[in-house]
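# Coordinate inspection notes
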Amino acid sequence: VQLQASGGGLVQTGDSLRLSCAASQRTSSRFVVAWFRQAPGKEREFVGVLNWSTSRTYYADSVKGRFTISGDNAKNTVYLQMNSLKPEDSAVYYCAASSSIITSSYYNGEMYSYWGQGTQVTVSS
């Protein structure tokens, strides 16, 4: 599975942005697709995840209530809708997928086999 992340850009505090993660093949029904981010000098951070088979989503506390993950089966694409953006949300955002991962490991990037190339999000103050 190849993943292509897109949609990043430069926005101002309080703005919204939608990132897309397009898969090269059908990932719904058996894959978990997550978003991670990494800011300069910081460790990679879990943002949120969509479990296609259950349609459930989970989010990091830092983005809960502001970010929403959704999926489009027909397009093999997962979206990350980011609202009320803050400067601390600035990072390179990556999507990742796994076909075999347990819920308690969703936050762990090491458990994902497939990664997109990343898209830069910069939020100016």
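Relevant structure appears above.
Attention in this report is confined to the structure presented alongside it. Because the structure is predicted, anything quoted here is derived from the model rather than measured.

Looking now at the sheet that holds strand β8 (residues 77-82). Taking strand neighbours across the sheet as the criterion, the 4 strands line up as β1-β3-β8-β7 in an open arrangement whose pairing is antiparallel. In this open sheet, the two edge strands, each paired with only one partner strand, are β1 (3-6) and β7 (67-72). Sheet twist, expressed as the mean angle between neighbouring strand axes with direction ignored, is 15 degrees.

All chains considered together, the criterion is met by 1 disulfide. Paired through a disulfide, C21 and C95 show a sulfur-sulfur distance of 2.2 Å. Measuring the twist about the S-S bond at about 75 degrees, one finds the C21-C95 disulfide to be right-handed. You can see C21 sitting in strand β3 (residues 17-23) and its partner C95 sitting in strand β9 (residues 91-98), a full 74 residues away along the chain. Like C21, the residue C95 is buried in the burial classification.

A few words now on empty space enclosed by the protein. Within this structure, the stated rule accounts for 1 cavity of 30 Å³ or more. Estimates place the volume of the largest cavity at around 30 Å³. Taken together, L3, C21, A23, T27, V33, N76, T77 and V78 make up the lining of the largest cavity. Broken down by class, the residue content of the lining of the largest cavity amounts to 5 nonpolar, 3 polar and no charged.

What counts as what
- Residues numbered from 1 in each chain as written.
- Predicted model: local features only at pLDDT ≥ 70, side-chain atom pairs only at ≥ 80, totals over all residues.
- Heavy atoms only, no water.
- Pairing = 2+ DSSP bridges.
- Helix = DSSP H or I, 4+ residues; strand = E, 2+ residues; numbered from the N terminus.
- Axes fitted to C-alpha atoms, helices over the stretch in contact; angles between N-to-C directions.
- Disulfide = S-S within 2.5 Å.
- Buried < 20%, exposed > 50% of the residue type's maximum accessible area, 1.4 Å probe, protein only.
- 1 Å grid on protein atoms, 1.4 Å probe; cavity = no way out; pocket = protein on both sides within 12 Å on 5 of 7 lines; lining within 4 Å.
- Points joined across faces, edges and corners; volume = space filled by probe spheres on them.
- Nonpolar A, V, L, I, M, F, W, Y, C, P; charged D, E, K, R; others polar.

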